[in-house]
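Survey of secondary and tertiary structure
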Amino acid sequence: MRIERVLVANRGEIAVRIIKACQEMGIQTAAIYSDVDEDSLHVQVADEAHSLGDPTPSESYLNIPKIIGIAKDCDADAVHPGYGFLSENAEFASACSKAGLKFIGPSSEVIRSMGDKIQAKKTMKSAGVPVIPGFTGEESETIEEACKRVGFPVLIKAAAGGGGKGMKIVANHDELNGAIESARREAQSSFGNDELLMEKYLEKPRHIEFQILADEHGKTIHLFERECSIQRRHQKVIEETPSVALDDELRKRMGLAAVKAAETIGYTNAGTVEFMLDKDGNFYFLEMNTRLQVEHAITEMTTGVDIVKWQLKIAAGENLSLDQSSIHRHGHAIECRIYAEDPEKGFIPSTGKLTTVDVPNGVNIRHDTGVKEGLEITPYYDPMLAKLIVHAENRQEAIRKMHWSLSNYITLGVTTNVPFLRAIIENEHFKDGDVDTHFIDTYFKDWTMSTELPVEVLIAAAIDDIGKTSVGERAEASMKGHDVHSPWKSAGPWRIDH
Amino acid sequence: MRIERVLVANRGEIAVRIIKACQEMGIQTAAIYSDVDEDSLHVQVADEAHSLGDPTPSESYLNIPKIIGIAKDCDADAVHPGYGFLSENAEFASACSKAGLKFIGPSSEVIRSMGDKIQAKKTMKSAGVPVIPGFTGEESETIEEACKRVGFPVLIKAAAGGGGKGMKIVANHDELNGAIESARREAQSSFGNDELLMEKYLEKPRHIEFQILADEHGKTIHLFERECSIQRRHQKVIEETPSVALDDELRKRMGLAAVKAAETIGYTNAGTVEFMLDKDGNFYFLEMNTRLQVEHAITEMTTGVDIVKWQLKIAAGENLSLDQSSIHRHGHAIECRIYAEDPEKGFIPSTGKLTTVDVPNGVNIRHDTGVKEGLEITPYYDPMLAKLIVHAENRQEAIRKMHWSLSNYITLGVTTNVPFLRAIIENEHFKDGDVDTHFIDTYFKDWTMSTELPVEVLIAAAIDDIGKTSVGERAEASMKGHDVHSPWKSAGPWRIDH
Amino acid sequence: MEFQYEYAGKSYPVWIKKDGDGYKVEVEDAAFAVTSKEVKPGHFILKINGNPVKLSMVSEGSQRHIFFDGEVFKFTRAEGRKKKTGSYDALSPEITSPISGKIVKVDVEEGMMVEGGQTLLTIEAMKMEYQIKAPYAGEVEGCGFKMGDQVETGMVLVKMKKTEGE
Amino acid sequence: MEFQYEYAGKSYPVWIKKDGDGYKVEVEDAAFAVTSKEVKPGHFILKINGNPVKLSMVSEGSQRHIFFDGEVFKFTRAEGRKKKTGSYDALSPEITSPISGKIVKVDVEEGMMVEGGQTLLTIEAMKMEYQIKAPYAGEVEGCGFKMGDQVETGMVLVKMKKTEGE
């Protein structure tokens, strides 16, 4: 089929990313937006934009009939779900098909088979892909009994979802009941399904994932790994590629397992196979994300492959013309996720008006964003404002470039995690590549910024305030005189050196 | 040596590019600026900036004693000359050395040897690098004999002059005598000297150049070619890499010749060997640029090598750790040079205030600029405002990405060549890769933009103007009435569809 | 003139005086000659005793947000300063919301005795749950919200009476 | 209201009227319902009969610069319009400079007769030389500049009297 017009069923940076890819390819784009997103970037860059009304997720970006209706009204022939929201919702994929809309992603059957994390692990296990021991709901035991069998610590998570929602680590039996209750609530509100899974909690594990591309004619390749171990509450914060933990032999084995996993289920389009890698080099299938991922950009920068464009081409029935042997990587890429949150106050989300945005611009610095100066950040959706991605010849130079970029990343009005990200980038263990999924908890448990105001900041504030002071006030102040404290008498001649 | 502080002896985008590379590497930077450049970007991004005063080039960016003085005063230990200005000035390189400043580039001897274009060709010829065959007056043969040796067509030109006077293209032997006579007459009357030179006339020649990196310990590599045939008055306008004119065998031979050329003269740091390539695949040494080039970015995007950082590392005495066999290219890159000039008025430079600048932002779009919104563009220096560079999986996608980028490149207040660049990108011959150095003269001799105002533009202007009109004026206008012409009576109910 | 700023519980007095095109500034016992140039709205290059320094700033009422050297410092000017919002005050009887979001669970009611650290209610914002905990032991005097209510940063969620002697 | 715009020697009358939150516009015989939204200063999304269109604009006096669909249209509003600068007027007795730059050569003087196309003087700008040529045959009535002078766009370089009958 030829795709002429795509409805982008998402918001924020990923909607912008997809819209621009379509525009380059000569494909018309239609955006959707809830009331609070009316001034968002994705609305402006799209060729047309349609209102969803009420910003509540269930009434807007999760409202299947509304979205399908808009897609039909605007004559779209395909729908790109982005990530999050409806991207892994099999009902949505199937509703698209029924409405004659091409869903840009795998089939609803594949989404369903991988969305059911229990079934997914079973499938992988029988295909010979290693999985972590745990509880899938099908055992002839309760989740509590399974915890005893596997041994604490264990990890409880939502059967239906990902992204840290509904996920709890349980250190011992006493914490178990409270964790289960809270996880069920989060699971219900995020995914509309409160079923839970449990698995053995690995110590010092790394989160390593492989990017997959598969066309609709049976060809599947991988685009190498991403190291995503820097997480907070199971939410990825910093990703990089290559992983320092993989040698060529392990990389090859994991890549083969990832392709095998995708082929086993007849996967099509872009997807990601996630593995846990323990400190001894054993890897376990964790889950498959049947969609584009937030961190796809680091793979794009190192392989030169445009994953979003390939999603569109594959959905249009094109053959995947890339061969596994022709995929090479260049250098090293790192991504930092810029969140509207306050790292000093338990990472509580921050809302408000982005009064100032001035982002670093330079060679091999990519900034994917859905926000802009003047925009109001609301509490309705995910707190990720943007992704800052750098690419350099090697890991050390990528770290330096990221450090420069974060040091020049200016946002005022809404608190972000930028100083926290920079602190991670500066950490010696991070620099050594000595990371695991507990990295943040281990080294940044009670992280705070400096508690002193630098003198430069005080000077700037005072200059700003004196500028705002009326002439009358100034005159009065100078009448009062401050001779006793005055530095001017003894400071000698003032000179501006340059 | 360790480089701690670099004086960047340039302005505009290349100064900004160099400053940021230094900052990433932890090197302090000092900028210089003439009076008209006080608010320029390079002044703001540098760690410190020093005034040159009078904007006349000879008094500012070409003033060797002033620049050396500033470098010494601010404790710089190295000087980066960028391109243009003093970058190929052997006196400057030597003045730096005498002042104890490391000149970031080759030695003054190498600059001098390549600056004399006739001597350079002789050197290359004796090293076995092909040069365009011809007649220089030093051969033991007549010009007629030389023509027979070289083969027709040939180009006859005055030894003493330029500007087309005394220049004749001779297609075959029958035309030769008449052409020589006529050329001698013109040469005599124009320059008072009837001596003639001759060289083989290349039909549909391409300008192909190879990027060189050489350390100070004898290692030289190339970073493949750039196709720079899209030129106007010998000024490059669009560059790309790879060149569609080279197959792997020819690429390898030209790369070897380029490395040979650099090694022959003991070249160090980054440089470029320029060749002419004829339609039969014969290549000839044209000249060597002993500096960083404007178009280095397309090589950076496709090879992943940061050329400016390597200039700094090589100057600091580091070993070139890149091997020829480890240099691979990804995809295709294109650069468009954004000039402040009016393509509809004979490319006359435009000056004025850049009231609006809004540049395209997207995946693999690089924008190197030295200007910003609000800046005054003065007539003192080169009219290049910025470089727009894109990188994609293949040439076709790179062309699409460039088209999208140019279509979203907004500058108001100063006329630019953006629509002209877009017209080239849209040209079918360009799309086919069928280009040579006469491309612009052949297809864009009397290029103009549309001479009609689109209705969208008229509507926008009218809305802007009605907004500026005071309430009083508006009331008066509505009092007058325009019933005869009014469209509102018959137009039916007005409805905003979305 | 003198200005006073407060940050992390500490006061910073700053003396400043116009001096030609620039300023003379004193902070604690150090004196500085400063010039300021706004390179674009909100972005400044100061020269402090000749050394260039880049800062970006925005102010609203008594609030100051200044970006310097990769960090954003959020502090207040002491004069005419309004009630701080968005932060826990360890002694206040009013427990305010540190975030905007939706109340998904209320664990307390009027008259209930709670321990320090006990969860009072749970707010959902940006797809995550945040628990509001008691800053001290005491009695709940009132809670104006119920499940499903939308709250804004700074709103009083719960009023408490601290248990004496703790 | 009616506005008149001029571009490439052609006049464009435009009718416009406020209509609720939007406008009714007529250009030639076509009528449009339009709404306008400024997404950031100078950048607009118009909806013209429901179709979204992006434009950016800046205006100064009677000059209008509007970016649309990859091109910048520079034109003038007819009322209260000032003298055009920066373009050759084939009939004007005043030869104005199309660029800002430095005069590096003056080939004419008062009273000299010149042919159409003959070079009058040469200006250097941005490292290139530009020759200013006579738009018609005639007599040079004056030239106010000498070698080395700096000139701005729109300044009168040479005054000429056109030879009659040409």
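Cut-offs and rules
Residues numbered from 1 in each chain as written. Chains lettered and ligands numbered in written order. Predicted model: local features only at pLDDT ≥ 70, side-chain atom pairs only at ≥ 80, totals over all residues. Heavy atoms only, no water. Pairing = 2+ DSSP bridges. Helix = DSSP H or I, 4+ residues; strand = E, 2+ residues; numbered from the N terminus. Axes fitted to C-alpha atoms, helices over the stretch in contact; angles between N-to-C directions. Contact = heavy atoms within 4.5 Å. Buried area = accessible area lost by both parts, 1.4 Å probe. Salt bridge = Lys/Arg side-chain N within 4 Å of Asp/Glu carboxyl O. Buried < 20%, exposed > 50% of the residue type's maximum accessible area, 1.4 Å probe, protein only. Parallel < 35°, antiparallel > 145°, perpendicular 65-115°, else oblique. Nonpolar A, V, L, I, M, F, W, Y, C, P; charged D, E, K, R; others polar. Expected span 1.5 Å × (residues − 1). Polar contact = N/O pair within 3.5 Å; in protein donor to acceptor, adjacent residues only side chain to side chain. Domains from an automatic or database assignment. Disulfide = S-S within 2.5 Å.

**Looking at the sheet that holds strand β3 (residues 22-27) of chain C**
Residue and element names in this part refer to chain C.
- Here 8 strands make up a closed barrel; going around it, the order is β1-β2-β3-β4-β5-β6-β7-β8 and the pairing antiparallel. For this sheet, the mean inter-axis angle between neighbouring strands, taken without regard to orientation, is 35 degrees.
- Summarising the sheet, strand β6 (residues 51-60) and strand β7 (residues 63-68) pair through 6 bridges and their orientation is antiparallel. Note that in β7 the partner of Glu-60 across the bridge is Gln-63.

**Digging into the interface of chain A and chain C**
- Across the boundary between the two partners, chain A contributes 66 residues, which contact 66 residues of chain C.
- Both faces combined, the contact of chain A with chain C buries some 6300 Å², and carbon together with sulfur accounts for 68% of it.
- Summed over the shared surface of chain A and chain C, the result is 5 salt bridges.
- Taking the shortest distance from any N to any O, the salt bridge between Arg64(C) and Asp465(A) comes out at 2.7 Å.

**What to know about unusual backbone geometry**
- For the peptide bond that leads from Phe152(A) to Pro153(A), omega is -5 degrees, which places it in the cis range.
- Between Thr241(B) and the following residue, Pro242(B), the backbone shows a cis peptide bond with an omega angle of -5 degrees.
- Summarising the element assignment, Pro242(B) is placed in the loop between β12 (235-241) and α9 (248-264).
- Its identity as a non-glycine residue notwithstanding, Asn269(A) has a phi of 75 degrees, on the positive side.
- Note on placement: Asn269(A) falls in strand β13 (residues 269-277).
- For Phe347(B), which is not glycine, the phi torsion reads 60 degrees and is therefore positive.
- For Phe347(B), the location among the structural elements is in the loop between β16 (341-342) and β17 (348-349).
- On the accessibility criterion, Phe347(B) (11% relative accessible area) is buried.

**Concerning the sheet that holds strand β14 (residues 283-289) of chain B**
All names here are of chain B.
- Spatially, β14-β13-β10-β11-β12-β15-β22-β20 is the arrangement adopted by the 8 strands of the open sheet, whose pairing is antiparallel. Every other strand in the sheet has two partners, leaving β14 and β20 (365-369) as the edge strands with one partner each. The sheet shows a mean angle of 25 degrees between the axes of neighbouring strands, direction not considered.
- One ladder, built from 6 bridges, connects strand β13 (residues 269-277) with β14; its direction is antiparallel. Bridging from a neighbouring strand, Val-273 pairs with Met-288 of β14.
- Across the sheet, helix α1 (residues 12-24) is in contact with β20 and β22 (384-392); its angle to β20 comes to roughly 110 degrees.

**Considerations on the packing of helix α5 (residues 108-115) of chain A against helix α6 (residues 117-126) of chain A**
Residue and element names in this part refer to chain A.
- Between α5 and α6, the shortest axis-to-axis distance is 5 Å and the interhelical angle comes to 95 degrees. Here α5 is positioned roughly perpendicular relative to α6, judged by the angle of their axes. The segment α5 lies against α6, with Ser-113, Met-114 and Gly-115 engaging Lys-117, Gln-119, Ala-120 and Met-124.
- In terms of residue class, the contact of α5 with α6 is made up of 3 nonpolar, 3 polar and 1 charged.

**Focus: helix α9 (residues 248-264) of chain A**
Residues and elements named next belong to chain A.
- In a regular helix each residue adds 1.5 Å, so 17 residues correspond to 24 Å; α9 covers 24 Å between its end C-alpha atoms and thus fits that length.
- Taken together, the buried positions of α9 are occupied by Leu-250, Arg-251, Met-254, Gly-255, Ala-257, Ala-258, Val-259, Ala-261 and Ala-262.
- Where α9 is buried, its residues meet α6, β10 (206-214), β11 (220-232), β13 and β14 (283-289).
- Backbone geometry just after α9 places Gly-266 at a positive phi near 65 degrees.

**A closer look at the side chain of Lys236(B)**
Residue and element names in this part refer to chain B.
- As for its position among the elements, Lys-236 is in strand β12.
- Judged by relative accessible area, Lys-236 falls into the buried class, the value being 9%.
- A polar side-chain atom of Lys-236 sits 2.9 Å from a polar atom in the side chain of Glu-209.
- Setting aside residues no more than four positions away along its own chain, Lys-236 makes contact with His-207, Glu-209, Cys-228, Ile-230, Gln-231, Glu-274, Gln-293, Glu-295, Arg-337 and Tyr-339.

**Structural notes on the interface of chain A and chain D**
- Counting from both sides, the interface comprises 9 residues of chain A and, opposite them, 5 residues of chain D.
- Buried area between chain A and chain D, summed over both chains or domains, comes out near 520 Å², and the portion from carbon and sulfur atoms is 39%.
- Contact with chain D buries area across many residues of chain A, yet Gln44(A), Asp47(A) and Lys372(A) alone supply 58% of it, more than any other trio.
- The interface formed by chain A and chain D contains 2 salt bridges.

**Remarks on the pattern of salt bridges**
- Under the counting rule described, the total for this entry stands at 100 salt bridges over all chains.
- When the shortest N-O distance is used, the salt bridge between Lys117(A) and Glu287(A) registers 3.7 Å. On the criterion of sequence distance, the pair formed by Lys117(A) in helix α6 and Glu287(A) in strand β14 is long-range, its members being 170 residues apart.
- Among the residues examined, Lys117(A) registers a relative accessible area of 5% and is labelled buried.
- Between Glu209(B) and Lys236(B) there is a salt bridge, with the nearest N and O atoms lying 2.9 Å from each other. Of this pair, Glu209(B) sits in strand β10 (residues 206-214) while Lys236(B) sits in strand β12; the two residues are 27 residues apart in sequence, bridging distant segments of the chain. For the pair shown, Glu209(B) and Lys236(B) are each scored as buried.
- Here the salt bridges share partners, and the residues they tie into one network are Glu209(A), Arg226(A), Lys236(A), Glu239(A), Glu274(A), Glu295(A), Glu335(A) and Arg337(A).

**A word on the domain arrangement of chain C**
- Taken domain by domain, chain C holds domain 1 (2-77) and domain 2 (94-162).
- Placing a centre on the C-alpha atoms of domain 1 of chain C and another on those of domain 2 of chain C gives a separation of 37 Å.

**Some remarks on the environment of Ser51(A)**
All names here are of chain A.
- Tracing the sequence through the fold places Ser-51 in strand β3 (residues 48-53).
- In this structure Ser-51 comes out as partly exposed when scored by relative accessible area, which is 40%.
- Sequence separation between Ser-51 and Arg-400 is 349 residues; the distance between their C-alpha atoms is 42 Å.

**Regarding the pairing of β10(B)**
All names here are of chain B.
- Of all 9 residues in β10, 9 are buried; the element is thus mostly enclosed.
- Here β10 shows two buried faces, one formed by Arg-206, Ile-208, Phe-210, Ile-212 and Ala-214 and the other by His-207, Glu-209, Gln-211 and Leu-213.
- In the sheet, β10 pairs with β13 via 9 bridges, with the strands oriented antiparallel. Each residue of the ladder has a partner; that of Arg-206, found in β13, is Leu-277.
- Bridge count for β10 against strand β11 (residues 220-232) is 6 bridges, and the pairing is antiparallel. Residue pairing in the sheet places Phe-210 in a bridge with Glu-225 of β11.

**A short note on the side chain of Lys309(A)**
- For Lys309(A), the position within the fold is in helix α11 (residues 307-315).
- A polar side-chain atom of Lys309(A) sits 3.5 Å from a polar atom in the side chain of Glu397(B).
- Sequence-distant contacts of Lys309(A), defined by excluding residues within four places in its chain, comprise Ala21(A), Glu24(A), Met25(A), Glu397(B) and Lys401(B).

**Looking at the state of the cysteines**
All names here are of chain A.
- Taken as a whole, this structure holds 0 disulfides over all chains when the rule is applied.
- No disulfide involves Cys-228; its sulfur sits 12 Å from the nearest other cysteine sulfur, which is in Cys-336.
- Accessibility expressed as a relative area gives 0% for Cys-228, which makes it buried.
- For Cys-336, a relative accessible area of 0% gives the class buried.

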